[in-house]
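# Results of the structural survey
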Amino acid sequence: MSRVVHISALRRRLVLPALVAFAASSAVAIARAQEDTDELAPASDGPVIVPPRLESVPEPEAPEGLEASVEIVVTVVVDEEGRVVEATPESDHLLAERAREIALEARFSPATVDGEPVPTRVQIAVRFEVAPPPVEDAPTGHGETNDARPPVATSPREEPIEVVVTGARFDQDASRSAVRVEVISRRELEEGGIRNAAEALEEAHGVQVNRTFRGMELWIRGLDPEYSLILVDGATLPGRVGGAIDLSRFGVEEIERIEIVRGPSSALYGSEAIGGVVNILTREPRHDFRASAQGTYGSRNTADAVARVEGRLHEKVFLGLNGGFHHEDPFRQEPASVATSGSRRVQGTVGGRLDARFGDHRLSARASYLYLRLEGVEASTVGAVIDRTQLQEQGQISVEHRFDKRARAQLVQRLTYTQYREQTLLDQRGATQLDQLEDHREHLAQYTGIVRIPFSEAHDLTLGVEPMVQTLESPRLPEQGERIRLGVFAQYDGTVWEPTWGRLRLVPALRADVDSQFGSQISPKLAARFDVSDTVVFRASYGRGFRAPSFQQLLLRFENPTVGYIVLGNPDLDAERSHGVDAGFTIEPFDRLTFGATFFRNDLQHMIAVVSAPPDPIYGQIFTYDNLESAWTMGAEADVAVRVIEGLGLKLGYMFVETWDGENDRRLEGRPRHRLTASLRGEIEKAELVFTARAAFLMGRTYYPTTASGEVTRVNPGAIAQIDLRVEKRFGEKLALFFGVENLADAGDAYLMLRPRTFYGGVGTQLTKGGDREESP
Amino acid sequence: MKSRLEILGLFAVLALPACAAQLEPTDDGDDAGWLHPDGGAIDEWIPMGHFRVKYQGDVVHVRVNATSYESFRYFDLDAVANDEDPARWDLRFQRMAVEMNGGVTGEGGVVALVLDGVSFDEVSVAPASGYSAPVPDSDDRDQYADSVFTGDHDEPGNAWYEYTVDGHVLTPRPWVYVVKSTEGRAYKLAFDGYYDEAGSPANVQFRFAEIDLPD
């Protein structure tokens, strides 16, 4: 009985509670479902939530020898396509495992919130019947629903669950993941007026986005951009320039959500996953027909136009196409300077995705093309003024096959090919000596095959193989860079201890990478999660990570024509290595409040540093690379999410980071010691108004500029307050007008160059016909 | 169904633009590099191969286009001419390297010394002693012959320039050199810069004037 109490607590927390009876005699269960329905009926001013509806389920067969009928409650997670992606029997009964298998075979029409299909958690009761039940007043058939008595009850107070993929490389409920996965949802992207992935992460918790002349780069937990792995749909990307992937490459039109895992993740992802992993998930087509378009115009000639159309081509085949255009004028942090701080940008994207489903199989093909032109002005200290044009292009094609038979196995295999090209043109003003045109081209092909084998509800094993081929042609490399890497990994996820007052899950993982250029690396990780109750969860992990030296670091031959120094690669470089720990907890003391805190530390060794070699009379100063440096970052993160009143939510995040640069015996440059983030979302349902505010406050940055006389100085610039506001007025589902301001306080300095204050306004429209994707029974 | 196939075809075309845009160099930079920081129109400078010279009283101002990574540019102080003849050239330039026709870097017998703490105008008579010719590279950090222009990098401050790593800026030291040429005449010489007005490097600027030999 105590178990039941526990379940209802769980339901109250985040479940869309439901009890579905499959067998005729479960009148009690039906009655309970009805009660829940009444109790939790949507309030008139809440979002329109349509609960999931059970479409089919296999017939539970009572095993021989069963003396009395048994009803086992199973909590299931139903994804946005109506499939059961997770099932947990709330019982220790011998038939619990069988009940789980049956529940996994169930098919629903998905729940929707304001017409959008969303994943939900519901409970169903699987009844193993000994004797045929009476027929009157009962649902008929097996798992069919009775219209008069909705089998699923919902509550407007409950949030749909969040499905994430980055924590375990398979879909899972974020609240059950062994590692914390932060999600920036499609809704947050749209309502925040966000144009690309960089802007989405600018005010996110635990990360920082820095602008350079090459674009926008990401720092996680105080670590440089080369120590974070950026993925698109789980696939590695080429095109790191100066160690960083420019996050502004990814236009919002193709992003479904962004997932962030902080902490060492090389055990699943291999190289570069030291500070964490950011996975950009692209949008899936799932409507019979939907067309949407949005146009924005603002100060500094900020102009955006995005459009998307998706539809059902065939009973089980969906197509989605999207395109986007973005423009922005350059800006100067110092108005008197000829040099620009932020480049003029012109960006265009087109992309498409085709999804087909056949039973338990799903095939997807995706292609996208990006054009990004950045134009800026550089001024050297000796008076050279250079117009710089950088043209980035990225073409990506991927094919994915998923097989999903939850009770037996899940399989994902994906082949992704990406070509990245970057042309840089330097055009010196008043002379041609420093003119330069460089053309870099990078190819990356990666296969990922992952299988997950559940042994039981409490234990499963994930195995993966990930070969990769990468080449780089660049005028800065004397030869084409080529590398082949094979990664194999395994992760076990199991409940190892389950006293009445809690549950301990251990998730050990191990990955081996063999690389044609630097040899092999073994990356182990152990993560643990302890659920004291359904509202108090502890998490801890230890992991080792590595980062492969880049082609540039291995092979570079770069002469800086401006002054005449040369940088030479070092083919003998070893991989950089790290180990990191994480420990934290999340609690939900009240329905409307969650609080989490995490301590972390990362230690990096064999870091690749630029070292000076003996000067040469012709080439001048010579620099090269060596595995010399060490550094650590350490800190704590805390976050609170609270629903103040219905329609008003607030999220606060705080991160403290202390860093140490072992080479120079000082803090790492530019890392804010304190970073506070806040996001507020309010909705006035009757007036069809949504307002959002996002803010990041940075304090305690240190920089070490060198003066003309060669003296190293120390500068602590003041605090930065980055604030964005946006209001959206909707006119039904088809039209919306919005206005906003970015960087309200016009913050930014010579060290952290932010877009100046920008006002904008725009209009969005959407046309939907027919229903959402459904699985046929 | 046909229209659906057409949509699919369009999708395939959109998906494969194969990275086709091409940046082209504009090459609009007229070389404005021959303007001296002191002022003076371009026509005051007399072109002389890779050099340009300008006379200002007894002082000769020289600008060298030393941008080539492959070849030295040779200068004869006595004739004020661009001359590669091994018997006549006195100084040669390549990027930031300055070498003399003597010691291990030439057979012309050129020697030089460096004077610190005096101005160019103050020097009117060449010192009697203290000259040196380039010698083989010592066991220092660099890989080239030691001379008064290049110095020994284990003793910072010996090269004709000062190098600031932050910004990679090269600044001439305020020193005066005395050079004894292939013809045995003495010249005082000072470096004025490494960059032209457009900020282009390896455009070495120096001035020189003949001075009296010691009695």
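### Looking at the confidence of the model for chain B
All names here are of chain B. Mean pLDDT over chain B: 81, with 75% of residues reaching 70 or higher. Taken together, the stretch residues 15–19 has pLDDT below 50 and engages in 9 contacts with residues farther than four places along the chain or on a different chain. Here residues 29–42 is a poorly scored stretch, pLDDT under 50, and it has 38 contacts once near neighbours within four places are set aside; other chains count.

### Let's talk about empty space enclosed by the protein
Residues and elements named next belong to chain A. According to the stated counting rule, one finds 16 cavities of 30 Å³ or more in the structure shown. By volume, the largest cavity is sized at about 450 Å³. In terms of lining, the largest cavity is formed by 26 residues, of which the most central are Glu86, Arg452, Glu457, Asp460 and Asp493. Within the residue set of the lining of the largest cavity, elements represented by two or more residues are strand 4 (84–89), helix 3 (96–105), strand 25 (436–456), strand 26 (459–473), strand 27 (481–497) and strand 28 (503–515). By residue number, the principal contributor to the lining of the largest cavity is strand 4, which donates 4 residues. A breakdown of the residues in the lining of the largest cavity according to their chemical character gives 7 nonpolar, 8 polar and 11 charged.

### Here we look at the pattern of salt bridges
All names here are of chain A. Using the criterion set out here, one finds 76 salt bridges over all chains in the structure. Residue glutamate 259 is joined to arginine 257 by a salt bridge in which the shortest nitrogen-to-oxygen separation is 2.8 Å. Classification of glutamate 259 by relative accessible area gives buried; the value is 0%. The closest approach of N and O atoms between aspartate 749 and arginine 701, which form a salt bridge, is 2.7 Å. In this pair, aspartate 749 is assigned in the loop between strand 40 (735–742) and strand 41 (758–772) and arginine 701 in the loop between strand 38 (689–699) and strand 39 (720–731), connecting sequence segments 48 residues apart. The exposure class of aspartate 749 is buried, given its relative accessible area of 17%. Given the relative accessible area of 1%, arginine 701 is considered buried. The structure contains a network of salt bridges with shared partners spanning Glu80, Glu81, Glu284, Arg286, Arg353, Asp355, Arg357, Arg362, Glu400, Arg402 and Arg414.

### Thoughts on the sheet that holds strand 7 (residues 97–100) of chain B
All names here are of chain B. If you walk across this open sheet you meet the 4 strands as 5-4-6-7, and the pairing is antiparallel. Lying at the two open borders of the sheet, with one neighbouring strand each, are strand 5 (81–82) and strand 7. Strand direction decides the pairing type here: strand 6 (residues 91–94) and strand 7, joined by 4 bridges, are antiparallel. In the sheet register, glutamine 94 faces strand 7, and the bridge partner there is alanine 97.

### Some points on helix 3 of chain A
Those residues of helix 3 of chain A that sit buried are Ala96, Ala99, Arg100, Ile102, Ala103 and Leu104 of chain A. Looking at the buried residues of helix 3 of chain A, the elements they touch are strand 3 (70–78), strand 4, strand 5 (107–109), strand 8 (120–128) and strand 25 of chain A.

### Considerations on the pairing of strand 6 of chain B
Residue and element names in this part refer to chain B. Here strand 6 shows two buried faces, one formed by Leu91 and Phe93 and the other by Arg92 and Gln94. Relative to strand 6, strand 4 (residues 73–76) runs antiparallel, the two being bridged by 3 bridges. Paired with tyrosine 74 across the two strands is arginine 92, which belongs to strand 6.

### A short note on the environment of aspartate 246 of chain A
Residues and elements named next belong to chain A. Position of aspartate 246 among the secondary structure elements: in the loop between strand 15 (235–236) and strand 16 (255–262). Relative accessible area serves as the criterion here: at 5%, aspartate 246 is assigned to the buried category. Between the C-alpha atom of aspartate 246 and that of proline 225, which follows or precedes it by 21 residues, the distance is 9.7 Å. Ignoring sequence-local partners within four residues, the contact set of aspartate 246 consists of Arg214, Gly215, Met216, Leu372 and Gln392. Within the local environment of aspartate 246, its side chain forms a polar contact with the backbone nitrogen of methionine 216, the two atoms lying 2.9 Å apart.

### Digging into a nonpolar patch on the surface
A surface patch of nonpolar side chains, amounting to about 490 Å² of accessible area, comprises Val496, Trp497, Trp501, Val532 and Phe538 of chain A. Its relative accessible area of 32% is what places valine 532 of chain A among the partly exposed residues.

### Focus on the nonpolar core
By size, the foremost hydrophobic cluster in this structure holds 37 residues, and its most contacted members are Phe75, Phe93, Phe191, Phe206 and Phe208 of chain B. At the level of secondary structure, the elements contributing two or more residues to this core comprise strand 2 (51–56), strand 3 (59–65), strand 6, strand 7, strand 10 (169–172), strand 11 (176–180), strand 12 (186–193) and strand 13 (203–211) of chain B. In this structure, phenylalanine 93 of chain B is in contact with Phe51, Val64, Ala66, Ser71, Phe72, Arg73, Phe75, Val98, Phe191, Val204 and Phe206 of chain B, ignoring residues within four places of it in sequence. Core analysis: the second largest hydrophobic core is formed by 25 residues, Leu201, Ala204, Val252 and Ile258 of chain A among them.

### Let's talk about the environment of arginine 755 of chain A
All names here are of chain A. For arginine 755, the position within the fold is in the loop between strand 40 and strand 41. When the C-alpha atoms of arginine 755 and glutamine 722 are compared, they prove to be 9.8 Å apart, with 33 residues separating the residues in sequence. If we ignore the near neighbours within four places in the chain, the residues touching arginine 755 are Arg195, Glu199, Glu202, Arg211, Met216, Arg300, Glu328, Phe331, Glu742 and Asn743. At 3.4 Å, the side chain of arginine 755 forms a polar contact with the side chain of glutamate 202. Of note is the side chain of arginine 755, whose polar atom sits 2.9 Å from the side chain of glutamate 742.

### Considerations on unusual backbone geometry
Residues and elements named next belong to chain A. Positive phi values are uncommon outside glycine, yet arginine 300 reaches one of about 60 degrees. In this fold, arginine 300 is placed in the loop between strand 18 (287–298) and strand 19 (302–314). For aspartate 746, which is not glycine, the phi dihedral falls at a positive 50 degrees. Considering the arrangement of structural elements, one finds aspartate 746 in the loop between strand 40 and strand 41.

Conventions we followed
- Residues numbered from 1 in each chain as written.
- Chains lettered and ligands numbered in written order.
- Predicted model: local features only at pLDDT ≥ 70, side-chain atom pairs only at ≥ 80, totals over all residues.
- Heavy atoms only, no water.
- pLDDT = per-residue confidence, 0-100.
- Contact = heavy atoms within 4.5 Å.
- 1 Å grid on protein atoms, 1.4 Å probe; cavity = no way out; pocket = protein on both sides within 12 Å on 5 of 7 lines; lining within 4 Å.
- Points joined across faces, edges and corners; volume = space filled by probe spheres on them.
- Helix = DSSP H or I, 4+ residues; strand = E, 2+ residues; numbered from the N terminus.
- Nonpolar A, V, L, I, M, F, W, Y, C, P; charged D, E, K, R; others polar.
- Salt bridge = Lys/Arg side-chain N within 4 Å of Asp/Glu carboxyl O.
- Buried < 20%, exposed > 50% of the residue type's maximum accessible area, 1.4 Å probe, protein only.
- Pairing = 2+ DSSP bridges.
- Polar contact = N/O pair within 3.5 Å; in protein donor to acceptor, adjacent residues only side chain to side chain.
- Patch = residues over 30% accessible without salt bridge, like charges linked within 9 Å, V, L, I, M, F, W, Y side chains within 5 Å.
- Areas by Shrake-Rupley, 256 points an atom, 1.4 Å probe, with all protein chains shown as cover.
- Core = buried A, V, L, I, M, F, W, Y, C linked by side-chain atoms within 4.5 Å.

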